[in-house]
Amino acid sequence: MPVEFLTDDEVAAYGRFTGAPSRADLERVFFLDDEDRTLVGVRRGGHSQLGFALQLVTVRWIGTFLEDPVDVPVVVLDFVAEQLGVDDSSRVDEYTRRRTTAFEHQLLIRRVYGWVDFTVVEADFVAWVSARAWTSGDGPKAIFADALGWLRRRKVLLPGVTTLARLIARLRQEAAERLWGDLEALVTGSQRYVLEQLLEISPGSRVSDLERWRKGVTPRASGPSIIKALDQVAEVTSLGLARVGAENMVPQQRLDELAKYGMRADASTLRRHPPGRRVATLLATVRHLEGKSIDDALELLDLLMVTELLNKARSASDKDKVRTHPRLAKASARLAAAVEVLFAAEGWGEKVQIGQIWEAIEEVVSREQVRAALMVVSENAPPVDTDEGDDWRTELVKRFPTVSGFLKVLTQVITFGANAEGAPVLAAMTGVADVLAHRSRLAAPLIGGNLIDVAVVTGPWRRLVFGHPAYEGGAVNRHAYALCVLERFWRCLKRREIFAETSTKWRNPQAALLDGERWQLMRTDTLTALGLPESPDALLAEHARALDATLREVGGRLTVNPDARVDEDGRIHLTGLKAVEEPPSLVDLRSRTTAMLPRVELPEMILEVMGWVPELPAAFTAASGGQARMGDLPLSIAACLTAHSLNVGYRPIAKKGVPALERSRLSHVYQNYFRPETLSAANVPLVDAQAALRLAQAWGGGLVAAVDGMRFVVPVPAAFARPNRKYFGSKRGMTWLNAINDRGMGRGAKIVSGTIRDSLHMVDVIFGFDGGALPEIVVTDTGSYSDLVFGLLELLGISYRPALADLPDQKGWRINTGADYGPLDTFARGKVDLGKIRRNWDDIVRVVSSIYTGSVRAYDVVTMLQRDGHPTALGEAIATYGRIFKTLHILTYIDVDESYRRDIKDIRNLQENRHSLARKICHGKRGELYHHYERGLENQLGALGLVLNCATLWTTRYLDAAVTQLRDQDYPIREEDLARLSPFVHSHLGVLGTYTFATPDLAPGKIRDLRDPDAPEEDEA
């Protein structure tokens, strides 16, 4: 009887061999040791020994005995026969002539090796599944797969598939009902009523409150938008659900899963749920919305500060400087001429009269011109006691009406915390509301100086707040003060010196670091995994020796290095890499293999890859956690991937009359099945499938990664869309920061603002890889590195190798201050202070371990370790550690062996080729993305990344087949030429025109026929 959550193929494969084991599996599981041979050897006859041994290895491999004991793959039969010295393995058929023999052998194997029936461990198994279902909320397939491993490890003979599947389904349902009941019990009657009302549509409204909250405020950079966002924060938090203690009653992961479902499910769907599930889902969703609404409000504040206030104030200031520059220059020249005469008058003697001096000055410039020039300079020049001009701050004060509305309520609606550095600024920000509400008898916007916190007004702000000359009676400009406090508050917020604890993005990262008993419990294991010692002395001594030796060796080889030279200032100059000439064999191989690729439309390619990798469509699970009952779901998934990766929408994809391609069906599938978790899970089997191909193995080992950003214009209001004239012209945009391995497969990505430095997010991308091991080497472009990132990655066990376009400006660092490094002596002018590292070692390893274990985001750590671009004491210690490896990287980069530089360039070129393919695929709407919200951007670019990997796998497999066919035809192929083939050729891939979802009828495991490389090109007109 089929089980609901298992496919027919999975039910049929249960307790059976599915494919032939690999050679490694054969040697690991099917190997017969001395004990096995002794037990097998007492059987009479070769067929009996072989049959007994097959039953023995079968139960080890699949956890049960086969109905037909000899129904095993040929490779298993031959491997076991070889170990037993049985020459004719076909004699095993004699083993089944006497049916009782197989049963007797099974009983013996069970008794000797300790295999037991399921009923013996059923109670423990139920407890394990119940705990797993309660804490993780994993789907039935995931628990089913892990349950098989749990049973095999305990030598339990597998029960029937229906028995096991129904038991797991029942225990999952019991865990879910327990979760709903516990959460429902936390809310009062009035809170329950309010939660239920969130699903109702009020008179005069088109949507329910829940749908309105989920959508949020349109992310426009304006004061009114922030006020609307704060109003929504107040609405959500007014329910008081933060005080019910849901996080203390149920696992956080289960709460998060309920919230994710509540954020996607239709209100009508939620209404149909039983009362307990409905209330529990609403409670989890509203708790999530409390943090999300604060995130949205603070994102809008950040967007407003960057785009509408600071950028425009600086732009207006610059324009004003350009406008006033001719007048100021002319006035300054006149004053200079007058002052020059004044200095010359010093030599006229002690009895010189002021009138004589004026007569001399008026011969050069008139008194009226001097007075006018003085007025111009006084109006436009900064005060003599300031180091920085305050022109842009003057422009910023003019924009006070933009912020006046939300300044009065920001700290009242959102509860902020602060560390010691941010506490004074937070106190001042909290008091701004009273400052703005104060009724003063002074001329607007002046108020009494006793109403403000003087200590927070520093630098150029003092002139604007206190006046220049100072206002009478100690009065201050309340508008300037409010903008001063807001700017400092925003900067503290960016540095997390001020934080919103309820928020998910703007909370205090220090609170998330491993600490106390939790840190002590994990310390030893984490440091062992990272290869870091408790005391840094021996490690630093080893680094000191390596750095000193490398400086001496590379410096000694500079004289024979034709590509590197050191100028008189100690600056290193490096000749660019010359392109490696392509041999004729490579040119012909590339041409032939590309010509052999079958022409394919993108939708067909996706469906074909789904046929190869069934785990891909299976990874798309419903947000509700239920099982999909709709037919042809993989077809709908392929259509959604096509529509969103091509950026063309559903209109050219949807087909009326085809249920799986109806527009409503596609919209439903995308809304309920597409999210970052499912896209990530679908990507893992693609990476694994490509890694198994021989051609991909020739390209690399998969442990080298490159991280780079692809820019997209977002011409609609979006919190992540920021101005950057270099990339987006007059528009705004964002960066899709993505990583690939040296086989060309995408491993992870992140959406970042269009103006943020990539290095701040790069570590998060690496630690967010879709399955598999972390890379051993990471390559980035020249603009993505810093000493701090060098230090963090090296401490995390990853070798960092950025490209170096600004090599002459680089400074090297040394530990041995007395050493003479010859031509590199000036280059290595920096001093690495190992004392900083030793003093901060305990905090360094705690921070690094927190990143490694996922306790905190690397971006938050990097933000926490810097103050306006300057590192904190801990940040400086990590940067100091990084300078050792930065110097080693530069030295290896400039050394005689250019393979190091060439490897960096090769993988960066590989990523550029992937981006070129991405631009071809994502061609709709001129490559611009029209999403207001981060979730929409994540889903669309996640779909693009998945389709890119589908295309890469498809091309790699067909290139591999083409190479195999050429070899069979005795075509000479050099291994070094194979390594230079690219998986990103795309002349065969169709992305324009009518999109069809029909695939050729191919036998299992077969692919399309390759084209004849010598045939004339087809007419594409």
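This write-up is about the structure you can find in this document. None of these values were measured; they are calculated from a predicted model. (Residues numbered from 1 in each chain as written. Predicted model: local features only at pLDDT ≥ 70, side-chain atom pairs only at ≥ 80, totals over all residues. Heavy atoms only, no water.)

**Describing the overall build of the protein chain**
Part 1: For the protein chain, the helix and strand inventory stands at 44 helices and 18 strands.
Part 2: The principal-axis extent of the C-alpha atoms belonging to the protein chain is close to 135 × 85 × 70 Å.
Part 3: Within the protein chain, the proportion of its 1021 residues that are buried is 52%.
Part 4: Put simply, 76% of the contacts in the protein chain that link residues at least 6 apart link residues at least 24 apart.
Part 5: When the accessible surface of the protein chain is summed, it comes to about 47300 Å², and 51% of that surface belongs to carbon and sulfur atoms.
Part 6: Side chains of the protein chain give 126 positive and 133 negative charges; the mean places of these two sets differ by 5 Å. (Helix = DSSP H or I, 4+ residues; strand = E, 2+ residues; numbered from the N terminus. Buried < 20%, exposed > 50% of the residue type's maximum accessible area, 1.4 Å probe, protein only. Contact = heavy atoms within 4.5 Å. Areas by Shrake-Rupley, 256 points an atom, 1.4 Å probe, with all protein chains shown as cover. Lys, Arg positive; Asp, Glu negative; His and termini not counted. Charge placed at Lys NZ, Arg CZ, Asp CG, Glu CD.)

**Concerning the side chain of glutamate 876**
Part 1: Among the structural elements, glutamate 876 can be located in helix H41 (residues 873–894).
Part 2: Judged by its relative accessible area of 16%, glutamate 876 is buried.
Part 3: For glutamate 876, the contacting residues outside a window of four places in its chain are Lys836, Pro871 and Arg883.

**Considerations on the pattern of salt bridges**
Part 1: In total, this model carries 60 salt bridges according to the counting rule given.
Part 2: The salt bridge partner of arginine 170 is glutamate 174, with a shortest N-O separation of 2.9 Å. Taken together, the positions of arginine 170 and glutamate 174, both in helix H9 (residues 161–184) and 4 residues apart, correspond to about one turn of that helix.
Part 3: When the shortest N-O distance is used, the salt bridge between arginine 926 and glutamate 928 registers 3.7 Å.
Part 4: On the basis of relative accessible area, glutamate 928 is assigned to the buried category, the value being 7%.
Part 5: Connected through shared salt-bridge partners, Asp787, Lys836, Glu876, Arg883 and Lys886 make up one network. (Salt bridge = Lys/Arg side-chain N within 4 Å of Asp/Glu carboxyl O.)

**Focus on the packing of aromatic side chains**
Part 1: The final tally for this structure, using the stated rule, is 17 aromatic pairs.
Part 2: A centroid spacing of 5.2 Å and a plane angle of 50° characterise the contact between tyrosine 881 and phenylalanine 885, whose relative ring orientation is tilted. One end of the pair is tyrosine 881 and the other is phenylalanine 885, both in helix H41 and 4 residues apart, which spans about a single turn.
Part 3: On the basis of relative accessibility, which here comes to 13%, the residue phenylalanine 885 falls in the buried class. (Phe/Tyr/Trp six-rings, centres within 6.5 Å; stacked < 30°, edge-to-face > 60°.)

**Structural notes on helix H33 (residues 676–691)**
Part 1: Across its 16 residues, H33 extends 23 Å between first and last C-alpha, which sits within 8% of the 22 Å expected from 1.5 Å per residue.
Part 2: For H33, the complete set of buried residues consists of Thr678, Leu679, Ala682, Asn683, Pro685, Leu686, Val687 and Gln690. (Expected span 1.5 Å × (residues − 1).)

**Some details on the pairing of strand S10 (residues 732–741)**
Part 1: Summarising burial for S10: 9 of the 10 residues are buried, a large majority.
Part 2: Note that strand S8 (residues 704–713) and S10 share 9 bridges and pair antiparallel. When the sheet's bridge partners are listed, phenylalanine 712 is paired in S10 with methionine 734.
Part 3: Direction of pairing for strand S9 (residues 722–723) relative to S10: antiparallel, over a ladder of 2 bridges. Bridge pairing links arginine 722 to glycine 733 in S10.
Part 4: Pairing geometry for S10 and strand S11 (residues 746–753), over 7 bridges, is antiparallel. In the sheet register, tryptophan 736 faces S11, and the bridge partner there is isoleucine 751.
Part 5: If you look at the hairpin formed by S10 and S11, you'll find 4 residues sitting between the two strands, and glycine 744 has a positive phi there, around 90°. (Pairing = 2+ DSSP bridges.)

**Side note on unusual backbone geometry**
Part 1: Omega for the bond connecting alanine 444 with proline 445 falls within 30 degrees of zero, at 5°, which places this linkage in the cis form.
Part 2: By the element assignment, proline 445 lies in the loop between helix H22 (423–437) and strand S2 (446–447).
Part 3: Put simply, histidine 468 and proline 469 share a cis peptide bond, and its omega is 5°.
Part 4: Relative to the helices and strands, proline 469 is located in the loop between helix H23 (461–466) and strand S3 (476–477).
Part 5: A positive phi angle is found at asparagine 647, which is not glycine, with a value near 65°.

**A look at a negative patch on the surface**
Part 1: On the surface, Glu67, Asp68, Asp71 and Asp93 cluster together to form a negatively charged patch.
Part 2: Structurally, aspartate 71 can be placed in the loop between helix H4 (46–62) and helix H5 (74–84).
Part 3: Accessibility expressed as a relative area gives 51% for aspartate 71, which makes it exposed. (Patch = residues over 30% accessible without salt bridge, like charges linked within 9 Å, V, L, I, M, F, W, Y side chains within 5 Å.)

**As for the nonpolar core**
Part 1: Grouped together as the largest cluster of nonpolar side chains are 164 residues, with contacts concentrated most on Met605, Leu616, Phe674, Leu824 and Ile921.
Part 2: The element that contributes the greatest number of residues to this core is helix H43 (residues 934–968), accounting for 17 residues.
Part 3: Not counting the four nearest positions on each side in its chain, isoleucine 921 is found in contact with Leu602, Ser645, Leu646, Leu944, Val947, Leu948, Leu989 and Val991.
Part 4: In terms of nonpolar packing, the next biggest core, distinct from the first, is built from 58 residues, Val217, Leu301, Phe406 and Val456 among them. (Core = buried A, V, L, I, M, F, W, Y, C linked by side-chain atoms within 4.5 Å.)

**What about the packing of H4 against H5?**
Part 1: Running from amino to carboxyl end, H4 crosses H5 at an angle of 120°, the nearest separation of the two axes being 10 Å. Comparing the axis directions of H4 and H5 gives the class oblique. For H4 against H5, the interelement crossing comes out right-handed. Within the contact between the two elements, H4 uses Gln49, Leu50, Ala53, Leu54 and Val57 and H5 uses Val76, Leu77, Val80, Ala81 and Leu84.
Part 2: Considering only residue class, the contact of H4 with H5 consists of 9 nonpolar, 1 polar and no charged. (Axes fitted to C-alpha atoms, helices over the stretch in contact; angles between N-to-C directions. Parallel < 35°, antiparallel > 145°, perpendicular 65-115°, else oblique. Left-handed = near helix turned anticlockwise from the far one by under 90°. Nonpolar A, V, L, I, M, F, W, Y, C, P; charged D, E, K, R; others polar.)

**Considering the environment of arginine 867**
Part 1: In this structure, arginine 867 sits in strand S16 (residues 866–867).
Part 2: Counting along the chain gives 55 residues from arginine 867 to glycine 812, while the straight-line C-alpha distance between them is 24 Å.
Part 3: In this structure arginine 867 touches Asn419, Arg495, Glu497 and Thr872, once residues within four positions along its chain are discounted.

**Some thoughts on the packing of helix H31 (residues 633–646) against helix H32 (residues 663–673)**
Part 1: It is the contact of H31 with H32, at a shortest axis distance of 9 Å, that shows an interaxial angle of 85°. The angle between H31 and H32 places the two elements in the roughly perpendicular class. Side by side, H31 and H32 meet where Leu633, Ser636, Ile637, Ala639, Cys640 and His644 of the first sit next to Arg665, Leu666, Val669, Tyr670 and Tyr673 of the second.
Part 2: In the contact of H31 with H32, the residues fall into 8 nonpolar, 2 polar and 1 charged.

**Remarks on helix H39 (residues 841–852)**
Part 1: Between its first and last C-alpha, H39 extends 16 Å over 12 residues, near the 16 Å set by a 1.5 Å rise per residue.
Part 2: Among the 12 residues in H39, 9 count as buried, and that is most of the element.
Part 3: Within H39, the full set of buried residues consists of Trp841, Ile844, Val845, Arg846, Val847, Val848, Ser849, Ser850 and Ile851.
Part 4: Among the residues trailing H39, glycine 854 stands out with phi positive, at a value near 80°.

**Things to note about the state of the cysteines**
Part 1: Overall, the coordinates contain 0 disulfides when judged by the stated rule.
Part 2: The cysteine cysteine 640 is free of any disulfide, with cysteine 950 supplying the nearest cysteine sulfur at 14 Å. (Disulfide = S-S within 2.5 Å.)

**As for the environment of tryptophan 358**
Part 1: Residue position: tryptophan 358 is located in helix H17 (residues 354–362).
Part 2: On the basis of relative accessibility, which here comes to 25%, the residue tryptophan 358 falls in the partly exposed class.
Part 3: It is 8.8 Å that separates the C-alpha atoms of tryptophan 358 and leucine 342, two residues lying 16 residues apart in sequence.

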